[in-house]
Amino acid sequence: MTNGARRNRLKQKVKSHLPKDWLTELRIAYRIGIETIKGIAQAGLINIAIITTMAAILTIFGAIFRTTLSVSSMVSAMGNVLEISAYLKPSADINATVTRIRDIEHVKGVKYISKEASWAELKREIDVPDVTNPLPDTLHIKVDDPKNIEYVMSNVKKLSGVADLSYAKDLVAKFQMINKISHTITLVVVIIACILTITIINNTIELVIQSRKEEIEIMRLMGVSNWYIKSPLVLQGAIYGFTGALVAIIPINIVQGYLQRMHEFFMMPAYTYSQGLVVFSVLLIGVLFSAGGSFMSIKKHLQV
């Protein structure tokens, strides 16, 4: 039997006799916490630069993500407000046409406006000459989702009693384009935030590893497990991300206040639970990306 094999058997035998009660686990957790704090203390003033940079990155992400939620909410609200106007032929059977339209998939509601009511409304708004009413009977059709408007229009157009159709197609298209752009920008920002976070944490953990190289080597020679060596470094990265996220929440809440006032100005509902969702996402991304960057740095610079 080789010396290496004998050493491994001895190490396993020692580990198997170690007590596994809750007090032992608590002492291990305490030591991991102490090692984490020690690593942060050794970084010194670099901590401020790391947390500030992390906060800036997460602030940009949070602000853009919150704006995307507002744009999505406004697009959805616009879609619910916009209606298809179906102008009926003079010979159309109104009740039959309304019934057939209501049977079309994705139709949320149909409202009938008589030509007399439309003419009276027009005369109240502007001064028109005393002529015969030229307006047709109209049906205002609500659709369950803006993306289904084309489908509903194509089916309504086939009805014999319908003379013409109209809706704010260009306005819907522009809002949908803005919505797609905002989603794309959010995705790009997440990728950039991930790369920058991992790079920053990678360099920081590398400095910590170099400063504690001898101490880590001694722990390895003493048979300390790899996870005990890795855990404080991963926790250190997670703490940087969590602290940076907490700082980022302050300017993000200011942005959310402005967006909320914008929703109130346009009388459109905000995205449900938007504030909580943004805060949770910022905290989650800050911790996960930072801990991930720390773990990658360990694998790169520390052969354990």
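So, how was this worked out
Residues numbered from 1 in each chain as written. Predicted model: local features only at pLDDT ≥ 70, side-chain atom pairs only at ≥ 80, totals over all residues. Heavy atoms only, no water. Helix = DSSP H or I, 4+ residues; strand = E, 2+ residues; numbered from the N terminus. Contact = heavy atoms within 4.5 Å. Areas by Shrake-Rupley, 256 points an atom, 1.4 Å probe, with all protein chains shown as cover. Pairing = 2+ DSSP bridges. Axes fitted to C-alpha atoms, helices over the stretch in contact; angles between N-to-C directions. Core = buried A, V, L, I, M, F, W, Y, C linked by side-chain atoms within 4.5 Å. Buried < 20%, exposed > 50% of the residue type's maximum accessible area, 1.4 Å probe, protein only. Phe/Tyr/Trp six-rings, centres within 6.5 Å; stacked < 30°, edge-to-face > 60°. Polar contact = N/O pair within 3.5 Å; in protein donor to acceptor, adjacent residues only side chain to side chain. Patch = residues over 30% accessible without salt bridge, like charges linked within 9 Å, V, L, I, M, F, W, Y side chains within 5 Å. Salt bridge = Lys/Arg side-chain N within 4 Å of Asp/Glu carboxyl O.

**Student:** Where do I start with the overall build of the chain in this structure?
**Tutor:** When you go through the chain residue by residue, the secondary structure sums to 10 helices and 4 strands. Start at the N end of the chain and walk to the C end: the helices and strands fall as α-α-α-β-α-β-α-β-α-β-α-α-α-α. For the chain, the share of sequence-separated contacts (at least 6 apart) that also reach a separation of at least 24 residues comes to 85%. Put simply, the chain shows about 18,300 Å² of open surface, and 64% of that area lies on carbon and sulfur atoms.

**Student:** Would you explain the sheet that holds strand S4 (residues 162-166) in this entry?
**Tutor:** As a general point, the strands of a sheet are linked pairwise by backbone hydrogen bonds and lie either parallel or antiparallel. The strand order S2-S3-S1-S4 describes an open sheet built from 4 strands, whose pairing is antiparallel. Strands with a single pairing partner mark the edges of an open sheet, and in this sheet they are strand S2 (107-113) and S4. Ignoring strand direction, the axes of neighbouring strands in this sheet form an average angle of 25°. As paired elements, S2 and strand S3 (residues 138-143) share 6 bridges and run antiparallel to each other. Bridged to Val107 within S3 is Val143.

**Student:** What exactly am I supposed to notice about the nonpolar core here?
**Tutor:** Generally speaking, soluble globular proteins have nonpolar side chains that are buried together. Membership of the largest hydrophobic core comes to 25 residues, with the highest contact counts inside it found for Ile50, Leu58, Phe61, Ile205, Leu233, Val278 and Val282. Those elements giving two or more residues to this core turn out to be helix H3 (46-81), helix H7 (169-211), helix H9 (226-266) and helix H10 (274-301). Contacts of Ile205, omitting those with residues within four sequence positions, involve Leu233, Gln236, Ser294, Ser297 and Ile298. Within the second largest apolar cluster, 20 residues are counted, among which are Leu88, Ile101, Val110 and Ile149.

**Student:** How should I be thinking about the pairing of S3 in this particular structure?
**Tutor:** When a strand is regular, its side chains alternate between the sheet's two faces. Of the pairings in the sheet, the one linking strand S1 (residues 84-88) to S3 comprises 4 bridges and is antiparallel in character. Paired with Tyr87 across the two strands is Thr138, which belongs to S3.

**Student:** Even after reading the chapter, I still don't get the packing of aromatic side chains, so can you show me in this structure?
**Tutor:** What characterises a pair of aromatic rings is the spacing of the ring centres plus the angle enclosed by the ring planes. On inspection of all chains with the given rule, the structure shows 1 aromatic pair. When the centroid spacing of 5.7 Å and the interplanar angle of 10° are considered together, the rings of Phe61 and Phe65 count as stacked. Of the two residues, Phe61 and Phe65 both sit in helix H3, 4 residues apart, roughly one turn of that helix.

**Student:** Please clarify how the side chain of Thr68 should be interpreted in this entry.
**Tutor:** Along the chain, the position of Thr68 falls in helix H3. One polar contact links Thr68 to Thr186, side chain to side chain, over a distance of 2.6 Å. For Thr68, the residues in contact, after removing those within four places along its chain, are Ser182, His183 and Thr186.

**Student:** Is there a simple way to explain unusual backbone geometry in this structure?
**Tutor:** One can expect most non-glycine residues to show negative phi and most peptide bonds to be in trans. Phi angles above zero are rare outside glycine, and His106 is one such case at about 80°. Structurally, His106 can be placed in the loop between helix H4 (94-102) and S2.

**Student:** What should I look at first to understand a nonpolar patch on the surface in this one?
**Tutor:** A grouping of Met177, Ile181 and Ile185 is seen on the molecular surface, where their side chains present a nonpolar patch of about 280 Å² in accessible area. Mapped onto the fold, Ile181 is located in helix H7. Judged by relative accessible area, Ile181 falls into the partly exposed class, the value being 44%.

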